[in-house]
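This is what each chain is made of:
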Amino acid sequence: MSDNFVLTDHNLGLDLMRATEAAALSAGRWAGRGDKESGDGAAVAALRRILNEVRMDGTIVIGEGEKDEAPMLANGERVGTGEGPRVDIAVDPVDGTRLLAWGARDSIAVLAAADGGTMYDPYMCFYMDKLVVGADAADVIDLDAPIAENIRQVARAKGKDVAEIIVAVQNRERHADLAREVREAGARTRIFTDGDVACAVQAASPDMAIDILVGRGGSPEGVVTAVAMKCLGGRILARLHPTTDEQRERTIAAGFDPARVLDTNDLVSGDNCVFVATGITDGDLLPGVRYLPGGGARTDSVVMRSISGTRRYVQAFHQLEKVADYARRTGEG
């Protein structure tokens with residue numbers, strides 16, 4: 001069994017958590033200000049600064065990238081000190097930039113890591129169809145089956161009535177028929193506006209209300225979700241969904257098959273994975289950043305590791321003046 005993610009007295013996930021904490025602390029100042037670009041930019045800069053202090057030879061496989069035209073944390077960028085394990089990194093410094101701008105719930109800073117060379121990179125296709133469940137229903141889902149059939153199978157596997165099943169569906173016009181089919185099957189919907197990584201993690205967590213996530217969303221978020229599934233024992237089934245004829249042609253020319261159903265192991269083939277998230281605004285998965293009197297702040301994070309099966313919830317208190325002073329002294333501010 002690989003132990004690349006074990007450092008002296010701690011694991012890499014806790015180092016990576018410092019990066020999502022920094023992103024959340026920086027982005028949180030922009031919550032409710034209606035400016036998603038500035039909030040996202042602050043998170044990117046903070047996360048990148050901390051990543052470059054981590055002892056690893058990291059490569060950004062899923063970053064801000066072409067879709068977001070980001071100058072930093074783009075696909076292929078090298079991060080870390082260059083020493084230690086080779087690590088593939090997937091980042092979403094703000095999962096839910098509109099939620100952040102609105103001051104709405106469920107905006108989080110997210111980072112996923114796996115052994116080098118094991119992450120799928122759907123760089124030619126920005127969207128995919130997804131179906132996500134937890135460990136207790138991992139063996140019964142079928143991406144090509146009607147949603148009503150998947151609901152029945154998941155209910156049976158979980159020992160629930162169909163009426164108790166909650167299905168997360170993103171609030172998009174393309175999902176109108178899907179949401180109707182969920183309700184006609186007798187289940188309930190949990191409609192969300194943005195941030196499908198948080199909803200996917202909830203669908204795979206036995207102590208959360210969501211049972212299934214279904215619908216079309218970002219392909220980078222699908223890879224991040226796959227890392228979380230490795231840590232939680234859940235499952236994601238996905239299929240690339242080019243949105244234009246040109247994108248379909250580019251996807252096929254790059255060697256991707258848009259008709260292929262991708263399983264969790266196709267999206268991340270390694271078994272040594274880490275998933276980290278820190279709340280920016282309050283949400284069902286994690287509380288958001290709290291800025292405290294006297295210049296301090298509190299963050300809440302989750303750190304998951306696949307090889308140990310651990311899921312740690314970490315609450316941290318930060319003296320922001322000391323954090324800023326440290327950044328200035330080290331030339332990283």
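Everything below is about the structure shown above.
Fair warning: this is a prediction, and the values are worked out from it, not measured in the lab.

Draft legend 1. Here's a closer look at the packing of helix α7 (residues 196-204) against helix α8 (residues 219-232). Running from N to C, α7 and α8 point in directions that differ by 25°, and their axes come no closer than 10 Å. As summarised for this structure, α7 and α8 are arranged roughly parallel, according to the angle between their axes. Relative to α8, the crossing made by α7 is right-handed. Along its contact with α7, which presents Asp196, Val197, Ala200, Val201 and Ala204, the element α8 presents Glu221, Val224, Thr225, Ala228, Met229 and Leu232. Within the contact of α7 with α8, the residues separate by chemical class into eight nonpolar, one polar and two charged.

Draft legend 2. How the structure looks around the packing of aromatic side chains. Within the structure shown, the criterion is met by two aromatic pairs. Relative to Phe256, the ring of Tyr120 has its centre 5.7 Å away and its plane inclined at 85°; by these criteria the two rings are edge-to-face. With Tyr120 in the loop between β6 (108-115) and β7 (127-133) and Phe256 in the loop between α9 (245-253) and α10 (264-267), this residue pair connects regions lying 136 residues apart in the sequence. Looking at Phe256, the relative accessible area reads 14%, which means it is buried. Seen from their ring centres, Tyr123 and Phe256 are 5.6 Å apart, and the 75° between their planes marks the pair as edge-to-face. Of this pair, Tyr123 sits in the loop between β6 and β7 while Phe256 is found in the loop between α9 and α10, placing the two residues 133 residues apart along the sequence.

Cut-offs used in this document
- Residues numbered from 1 in each chain as written.
- Predicted model: local features only at pLDDT ≥ 70, side-chain atom pairs only at ≥ 80, totals over all residues.
- Heavy atoms only, no water.
- Axes fitted to C-alpha atoms, helices over the stretch in contact; angles between N-to-C directions.
- Helix = DSSP H or I, 4+ residues; strand = E, 2+ residues; numbered from the N terminus.
- Parallel < 35°, antiparallel > 145°, perpendicular 65-115°, else oblique.
- Left-handed = near helix turned anticlockwise from the far one by under 90°.
- Contact = heavy atoms within 4.5 Å.
- Nonpolar A, V, L, I, M, F, W, Y, C, P; charged D, E, K, R; others polar.
- Phe/Tyr/Trp six-rings, centres within 6.5 Å; stacked < 30°, edge-to-face > 60°.
- Buried < 20%, exposed > 50% of the residue type's maximum accessible area, 1.4 Å probe, protein only.

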